Amino acid sequence: DKAPLSKSLLLVPSAISILLTLLFQHYQKFFAYNLQAIKEDFQIWRIVCGRTICLDLKDTFCSSLLIYNFRIFERRYGSRKFSSFLLGAWMLSALFDLLLVEIAEYIFGITINSLPSGFLGPVFALFVPFYSSIPRVQVTQVLGHFSITNKTLVYILGLQLLTSGSYIWILALSGLVSGICYNSSILKVHQILCVPSWVAKIFSWTLEPIFSSAEPTNEVRVGMGATVDIQRQQRMELLDRQIMMSQVAQMRRQRQQQGGMINWNRLFPPLRHRHNANYQDHRPSEQDTPPPTEVSEEQVARLMEMGFSRGDALEALRASNNDLNVATNFLLQH
(Lines give C-alpha, C1' and ligand atoms only; values in the text may rest on other atoms or scores of the structure.)
Protein backbone atom coordinates (compact mmCIF):
# COMPACT_ATOMS: atom_id res chain seq x y z
CA ASP A 1 0.00 0.00 0.00
CA LYS A 2 1.18 3.55 -0.90
CA ALA A 3 4.23 2.19 -2.75
CA PRO A 4 3.27 1.69 -6.43
CA LEU A 5 6.80 2.26 -7.74
CA SER A 6 8.25 -0.37 -5.39
CA LYS A 7 5.54 -2.78 -6.47
CA SER A 8 6.33 -2.22 -10.16
CA LEU A 9 10.07 -2.70 -9.53
CA LEU A 10 9.25 -5.87 -7.64
CA LEU A 11 6.99 -7.41 -10.29
CA VAL A 12 8.09 -6.28 -13.76
CA PRO A 13 11.88 -6.93 -13.68
CA SER A 14 11.34 -10.20 -11.81
CA ALA A 15 8.82 -11.41 -14.39
CA ILE A 16 11.12 -10.48 -17.29
CA SER A 17 14.08 -12.17 -15.59
CA ILE A 18 12.12 -15.40 -15.11
CA LEU A 19 10.92 -15.38 -18.72
CA LEU A 20 14.45 -14.81 -20.02
CA THR A 21 15.78 -17.65 -17.89
CA LEU A 22 13.10 -20.22 -18.62
CA LEU A 23 11.69 -19.46 -22.08
CA PHE A 24 13.75 -16.91 -23.99
CA GLN A 25 17.38 -17.80 -23.28
CA HIS A 26 18.44 -16.68 -26.77
CA TYR A 27 17.46 -13.09 -25.87
CA GLN A 28 19.66 -12.95 -22.76
CA LYS A 29 22.58 -11.60 -24.77
CA PHE A 30 20.72 -8.31 -25.22
CA PHE A 31 20.54 -7.81 -21.44
CA ALA A 32 24.17 -8.66 -20.66
CA TYR A 33 26.14 -5.86 -19.03
CA ASN A 34 28.99 -6.08 -21.55
CA LEU A 35 31.51 -3.32 -20.87
CA GLN A 36 33.69 -4.23 -23.81
CA ALA A 37 30.80 -3.73 -26.24
CA ILE A 38 29.96 -0.42 -24.57
CA LYS A 39 33.49 0.99 -24.77
CA GLU A 40 34.66 -0.42 -28.10
CA ASP A 41 31.44 -0.67 -30.12
CA PHE A 42 29.67 2.26 -28.44
CA GLN A 43 26.59 0.14 -27.67
CA ILE A 44 25.23 2.61 -25.13
CA TRP A 45 21.87 0.84 -25.04
CA ARG A 46 23.54 -1.99 -23.14
CA ILE A 47 23.88 0.32 -20.13
CA VAL A 48 20.10 0.58 -19.96
CA CYS A 49 19.35 -3.09 -20.65
CA GLY A 50 22.27 -4.50 -18.69
CA ARG A 51 21.58 -2.43 -15.58
CA THR A 52 17.85 -3.13 -15.37
CA ILE A 53 17.15 -6.86 -15.71
CA CYS A 54 18.93 -9.58 -13.72
CA LEU A 55 20.01 -12.68 -15.63
CA ASP A 56 20.68 -14.66 -12.45
CA LEU A 57 17.60 -15.82 -10.56
CA LYS A 58 19.47 -15.68 -7.24
CA ASP A 59 20.19 -12.00 -7.81
CA THR A 60 16.58 -11.48 -8.87
CA PHE A 61 15.29 -13.07 -5.67
CA CYS A 62 17.62 -11.16 -3.33
CA SER A 63 17.12 -7.79 -5.03
CA SER A 64 13.33 -8.28 -5.05
CA LEU A 65 13.32 -8.95 -1.30
CA LEU A 66 15.46 -5.87 -0.71
CA ILE A 67 13.17 -3.68 -2.82
CA TYR A 68 10.23 -5.00 -0.81
CA ASN A 69 11.95 -4.03 2.45
CA PHE A 70 12.97 -0.61 1.08
CA ARG A 71 9.38 0.30 0.15
CA ILE A 72 9.30 2.28 3.40
CA PHE A 73 11.27 5.05 1.67
CA GLU A 74 8.63 5.50 -1.01
CA ARG A 75 6.00 5.86 1.70
CA ARG A 76 8.21 8.32 3.55
CA TYR A 77 9.49 10.40 0.63
CA GLY A 78 6.64 10.04 -1.84
CA SER A 79 6.82 8.33 -5.23
CA ARG A 80 8.37 11.28 -7.06
CA LYS A 81 11.22 11.84 -4.61
CA PHE A 82 11.80 8.10 -4.31
CA SER A 83 11.97 7.73 -8.10
CA SER A 84 14.35 10.71 -8.24
CA PHE A 85 16.64 8.96 -5.76
CA LEU A 86 16.59 5.75 -7.82
CA LEU A 87 17.23 7.66 -11.05
CA GLY A 88 20.11 9.63 -9.56
CA ALA A 89 21.64 6.54 -7.97
CA TRP A 90 21.25 4.59 -11.22
CA MET A 91 23.01 7.24 -13.31
CA LEU A 92 25.77 7.90 -10.79
CA SER A 93 26.44 4.20 -10.22
CA ALA A 94 26.72 3.67 -14.01
CA LEU A 95 29.48 6.29 -14.10
CA PHE A 96 31.21 4.86 -11.04
CA ASP A 97 31.06 1.35 -12.57
CA LEU A 98 33.19 2.49 -15.51
CA LEU A 99 35.58 4.41 -13.26
CA LEU A 100 36.08 1.49 -10.86
CA VAL A 101 36.71 -0.91 -13.75
CA GLU A 102 39.37 1.42 -15.14
CA ILE A 103 40.95 1.84 -11.69
CA ALA A 104 41.02 -1.94 -11.14
CA GLU A 105 42.65 -2.45 -14.54
CA TYR A 106 45.22 0.32 -13.96
CA ILE A 107 46.22 -0.63 -10.40
CA PHE A 108 45.75 -4.41 -10.25
CA GLY A 109 45.98 -5.26 -13.95
CA ILE A 110 42.54 -6.92 -13.91
CA THR A 111 40.68 -6.85 -17.22
CA ILE A 112 36.92 -6.83 -16.64
CA ASN A 113 34.85 -7.26 -19.78
CA SER A 114 31.42 -7.65 -18.18
CA LEU A 115 29.64 -7.14 -14.87
CA PRO A 116 26.57 -8.81 -13.34
CA SER A 117 23.41 -7.39 -14.84
CA GLY A 118 20.38 -6.08 -13.02
CA PHE A 119 19.00 -3.15 -11.04
CA LEU A 120 21.73 -3.62 -8.44
CA GLY A 121 23.35 -0.19 -8.19
CA PRO A 122 20.23 1.62 -6.87
CA VAL A 123 19.46 -1.34 -4.58
CA PHE A 124 22.85 -1.03 -2.89
CA ALA A 125 22.45 2.76 -2.83
CA LEU A 126 19.28 2.37 -0.73
CA PHE A 127 21.40 0.90 2.07
CA VAL A 128 22.72 4.42 2.75
CA PRO A 129 19.38 5.96 3.87
CA PHE A 130 18.46 2.62 5.43
CA TYR A 131 21.54 2.76 7.67
CA SER A 132 21.26 6.46 8.51
CA SER A 133 17.51 7.02 8.95
CA ILE A 134 15.89 3.74 10.02
CA PRO A 135 16.09 3.28 13.80
CA ARG A 136 17.71 0.14 15.15
CA VAL A 137 15.44 -1.89 17.44
CA GLN A 138 16.77 -4.98 19.18
CA VAL A 139 14.54 -8.03 18.78
CA THR A 140 16.50 -10.74 20.57
CA GLN A 141 20.01 -11.98 21.30
CA VAL A 142 21.89 -15.06 20.14
CA LEU A 143 24.16 -16.76 22.66
CA GLY A 144 23.70 -13.77 24.94
CA HIS A 145 26.17 -11.59 23.01
CA PHE A 146 25.02 -11.13 19.41
CA SER A 147 22.05 -8.81 19.01
CA ILE A 148 19.37 -9.52 16.41
CA THR A 149 17.63 -6.30 15.34
CA ASN A 150 14.89 -5.34 12.93
CA LYS A 151 17.61 -4.54 10.35
CA THR A 152 19.61 -7.76 10.58
CA LEU A 153 17.69 -9.66 7.90
CA VAL A 154 18.11 -6.81 5.40
CA TYR A 155 21.87 -6.73 5.95
CA ILE A 156 22.03 -10.52 5.55
CA LEU A 157 20.18 -10.24 2.22
CA GLY A 158 22.62 -7.54 1.11
CA LEU A 159 25.57 -9.75 2.08
CA GLN A 160 24.05 -12.67 0.17
CA LEU A 161 23.64 -10.47 -2.89
CA LEU A 162 27.20 -9.17 -2.50
CA THR A 163 28.65 -12.71 -2.54
CA SER A 164 26.46 -14.09 -5.32
CA GLY A 165 28.90 -13.51 -8.17
CA SER A 166 32.30 -12.27 -9.26
CA TYR A 167 32.91 -8.53 -9.62
CA ILE A 168 29.56 -7.74 -7.99
CA TRP A 169 31.57 -5.83 -5.38
CA ILE A 170 32.12 -3.18 -8.06
CA LEU A 171 28.35 -2.70 -8.38
CA ALA A 172 27.99 -2.65 -4.59
CA LEU A 173 30.75 -0.08 -4.12
CA SER A 174 29.48 2.16 -6.93
CA GLY A 175 25.94 1.91 -5.54
CA LEU A 176 27.03 2.84 -2.02
CA VAL A 177 29.11 5.79 -3.26
CA SER A 178 26.25 7.04 -5.43
CA GLY A 179 23.85 6.69 -2.49
CA ILE A 180 26.18 8.73 -0.29
CA CYS A 181 26.53 11.42 -2.96
CA TYR A 182 22.78 11.69 -3.47
CA ASN A 183 21.78 11.38 0.19
CA SER A 184 24.33 13.96 1.40
CA SER A 185 23.50 16.45 -1.40
CA ILE A 186 27.10 16.60 -2.64
CA LEU A 187 27.35 19.08 -5.53
CA LYS A 188 23.53 19.43 -5.36
CA VAL A 189 23.08 16.12 -7.17
CA HIS A 190 19.51 15.76 -5.87
CA GLN A 191 18.56 18.99 -7.65
CA ILE A 192 20.12 18.02 -10.98
CA LEU A 193 19.16 14.34 -11.20
CA CYS A 194 15.47 14.43 -10.38
CA VAL A 195 12.24 13.41 -12.06
CA PRO A 196 10.36 16.43 -13.50
CA SER A 197 6.94 17.10 -12.06
CA TRP A 198 5.20 16.66 -15.44
CA VAL A 199 6.78 13.22 -15.88
CA ALA A 200 5.65 12.24 -12.38
CA LYS A 201 2.10 13.37 -13.19
CA ILE A 202 2.02 11.32 -16.40
CA PHE A 203 3.12 8.17 -14.59
CA SER A 204 0.70 8.84 -11.73
CA TRP A 205 -2.17 9.02 -14.24
CA THR A 206 -1.13 6.00 -16.32
CA LEU A 207 0.83 3.47 -14.26
CA GLU A 208 -0.10 4.24 -10.66
CA PRO A 209 -3.69 2.92 -11.03
CA ILE A 210 -2.24 -0.37 -12.34
CA PHE A 211 0.24 -0.95 -9.51
CA SER A 212 -1.62 0.70 -6.64
CA SER A 213 -2.95 -1.51 -3.86
CA ALA A 214 -5.98 -1.23 -1.65
CA GLU A 215 -5.40 0.05 1.86
CA PRO A 216 -5.37 -2.84 4.35
CA THR A 217 -8.26 -3.06 6.78
CA ASN A 218 -7.90 -2.48 10.50
CA GLU A 219 -8.80 -6.09 11.24
CA VAL A 220 -5.57 -7.58 9.88
CA ARG A 221 -4.33 -10.34 12.16
CA VAL A 222 -0.90 -10.03 13.68
CA GLY A 223 1.38 -12.97 12.92
CA MET A 224 2.73 -14.98 15.81
CA GLY A 225 6.40 -14.44 16.51
CA ALA A 226 8.95 -17.22 16.67
CA THR A 227 9.91 -16.57 20.31
CA VAL A 228 8.16 -15.49 23.48
CA ASP A 229 9.97 -12.13 23.41
CA ILE A 230 8.81 -11.39 19.87
CA GLN A 231 5.23 -12.40 20.71
CA ARG A 232 5.27 -10.13 23.77
CA GLN A 233 6.64 -7.27 21.68
CA GLN A 234 3.93 -7.81 19.04
CA ARG A 235 1.20 -7.73 21.70
CA MET A 236 2.60 -4.51 23.16
CA GLU A 237 2.82 -2.89 19.71
CA LEU A 238 -0.78 -3.87 18.98
CA LEU A 239 -1.87 -2.47 22.33
CA ASP A 240 0.04 0.77 21.67
CA ARG A 241 -1.67 1.17 18.30
CA GLN A 242 -5.10 0.57 19.84
CA ILE A 243 -4.44 3.14 22.58
CA MET A 244 -3.22 5.69 20.04
CA MET A 245 -6.24 5.11 17.79
CA SER A 246 -8.63 5.58 20.72
CA GLN A 247 -6.83 8.79 21.71
CA VAL A 248 -7.07 10.09 18.16
CA ALA A 249 -10.80 9.34 18.02
CA GLN A 250 -11.34 11.08 21.36
CA MET A 251 -9.38 14.15 20.28
CA ARG A 252 -11.30 14.37 17.03
CA ARG A 253 -14.62 14.22 18.88
CA GLN A 254 -13.46 16.99 21.22
CA ARG A 255 -12.29 19.03 18.27
CA GLN A 256 -15.66 18.68 16.54
CA GLN A 257 -17.49 19.70 19.71
CA GLN A 258 -15.19 22.49 20.90
CA GLY A 259 -13.18 23.45 17.81
CA GLY A 260 -9.51 24.35 17.78
CA MET A 261 -6.33 22.38 17.29
CA ILE A 262 -5.79 18.85 18.46
CA ASN A 263 -3.56 18.54 21.49
CA TRP A 264 -0.83 16.53 19.83
CA ASN A 265 1.18 16.31 23.06
CA ARG A 266 -1.40 13.89 24.41
CA LEU A 267 -0.97 11.71 21.33
CA PHE A 268 2.81 11.43 21.68
CA PRO A 269 3.68 10.59 25.30
CA PRO A 270 7.39 10.33 26.06
CA LEU A 271 9.06 7.00 25.43
CA ARG A 272 8.20 4.36 27.97
CA HIS A 273 10.88 2.87 30.20
CA ARG A 274 10.49 -0.89 30.33
CA HIS A 275 12.66 -2.41 33.03
CA ASN A 276 11.34 -5.97 33.18
CA ALA A 277 10.09 -8.75 30.96
CA ASN A 278 6.48 -7.62 31.33
CA TYR A 279 7.23 -4.20 29.77
CA GLN A 280 5.58 -2.20 32.55
CA ASP A 281 4.86 1.40 31.59
CA HIS A 282 5.90 4.39 33.66
CA ARG A 283 3.95 7.31 32.24
CA PRO A 284 4.85 10.80 33.48
CA SER A 285 2.14 13.07 34.75
CA GLU A 286 0.93 16.03 32.74
CA GLN A 287 2.67 18.41 35.16
CA ASP A 288 6.05 16.87 34.20
CA THR A 289 5.52 17.38 30.47
CA PRO A 290 8.46 19.43 29.07
CA PRO A 291 7.81 22.63 27.14
CA PRO A 292 7.59 22.44 23.33
CA THR A 293 10.94 22.07 21.61
CA GLU A 294 12.26 24.05 18.69
CA VAL A 295 11.30 22.55 15.34
CA SER A 296 13.80 22.15 12.51
CA GLU A 297 12.65 23.89 9.36
CA GLU A 298 14.42 21.26 7.29
CA GLN A 299 12.32 18.51 8.86
CA VAL A 300 9.18 20.61 8.38
CA ALA A 301 10.09 20.94 4.71
CA ARG A 302 10.61 17.18 4.40
CA LEU A 303 7.17 16.50 5.87
CA MET A 304 5.61 19.10 3.57
CA GLU A 305 7.26 17.38 0.60
CA MET A 306 5.32 14.26 1.53
CA GLY A 307 2.05 16.18 1.20
CA PHE A 308 1.32 17.18 4.79
CA SER A 309 0.33 20.72 5.70
CA ARG A 310 2.75 22.99 7.53
CA GLY A 311 0.50 23.19 10.58
CA ASP A 312 0.26 19.42 10.98
CA ALA A 313 4.00 19.06 10.39
CA LEU A 314 4.83 21.66 13.08
CA GLU A 315 2.47 20.13 15.63
CA ALA A 316 3.66 16.59 14.93
CA LEU A 317 7.34 17.51 15.28
CA ARG A 318 6.76 19.48 18.49
CA ALA A 319 4.71 16.68 20.01
CA SER A 320 7.22 13.99 19.01
CA ASN A 321 10.17 15.94 20.45
CA ASN A 322 11.45 16.73 16.94
CA ASP A 323 11.66 13.03 16.02
CA LEU A 324 11.08 12.88 12.27
CA ASN A 325 10.46 9.12 12.17
CA VAL A 326 7.77 9.19 14.89
CA ALA A 327 6.06 12.22 13.37
CA THR A 328 6.10 10.72 9.88
CA ASN A 329 4.71 7.36 10.99
CA PHE A 330 1.87 8.98 12.89
CA LEU A 331 0.93 11.35 10.05
CA LEU A 332 0.93 8.46 7.57
CA GLN A 333 -1.34 6.35 9.77
CA HIS A 334 -3.78 9.18 10.48
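On a predicted model such as this, the values are computed, not experimentally measured, just so you know.

On to the packing of aromatic side chains, then. The full count for this structure, using the stated rule, is 12 aromatic pairs. On the numbers, 6.3 Å between centres and 35° between planes, the contact of Y27 with F30 is tilted. For Y27, a relative accessible area of 40% gives the class partly exposed. Judged by its relative accessible area of 36%, F30 falls in the partly exposed class. Considering the side-chain rings of F85 and Y182, the 5.3 Å spacing of their centres and the 85° angle between planes classify their relative orientation as edge-to-face. A residue pair is termed long-range when its members are at least 10 positions apart, and F85 in helix 6 (residues 79-108) and Y182 in helix 10 (residues 168-183) qualify at 97 residues. Here F85 matches Y182 in class, with each residue buried. One aromatic cluster in this structure is built from F70, F73, Y77, F124, F127, F130 and Y155.

Next up on the list: the UniProt feature "transmembrane region" (unreviewed entry) in the chain. As recorded in UniProt, the feature "transmembrane region" (unreviewed entry) lies at residues 6-24, 82-100, 106-131 and 152-177. Spanning residues 82-100, this segment combines 100% helix with 0% strand, and its end C-alpha atoms are found 26 Å apart. Across residues 152-177 one finds 81% helix and 0% strand; the C-alpha atoms that close the span lie 22 Å apart.

Reading the values: rules and limits
Going along each chain's sequence as written, the residues are numbered from 1 onward. In keeping with the model being predicted, local features are shown solely for residues with a pLDDT of at least 70 and side-chain atom pairs are shown and tallied solely at 80 or more, while totals for entire chains, interfaces and linings include all residues. Water and hydrogen atoms were dropped before computing side-chain values, which therefore reflect all heavy atoms in the structure. Aromatic rings from Phe, Tyr and Trp, taking only the six-membered ring of Trp, are treated as a pair when their centres fall within 6.5 Å; an angle between ring planes under 30 degrees marks them as stacked, one over 60 as edge-to-face, and anything in between as tilted. The cut-offs for exposure are 20% and 50% of the maximum accessible area for each residue type, with area from a 1.4 Å probe on protein chains only; residues under the lower value are buried, those over the upper are exposed, and the others partly exposed. Secondary structure elements are defined from DSSP: runs of H or I of at least 4 residues count as helices, runs of E of at least 2 residues count as strands, and each element is numbered from the N terminus. UniProt positions are given in the numbering used here, feature names are shortened, and annotations may be inferred rather than shown by experiment.

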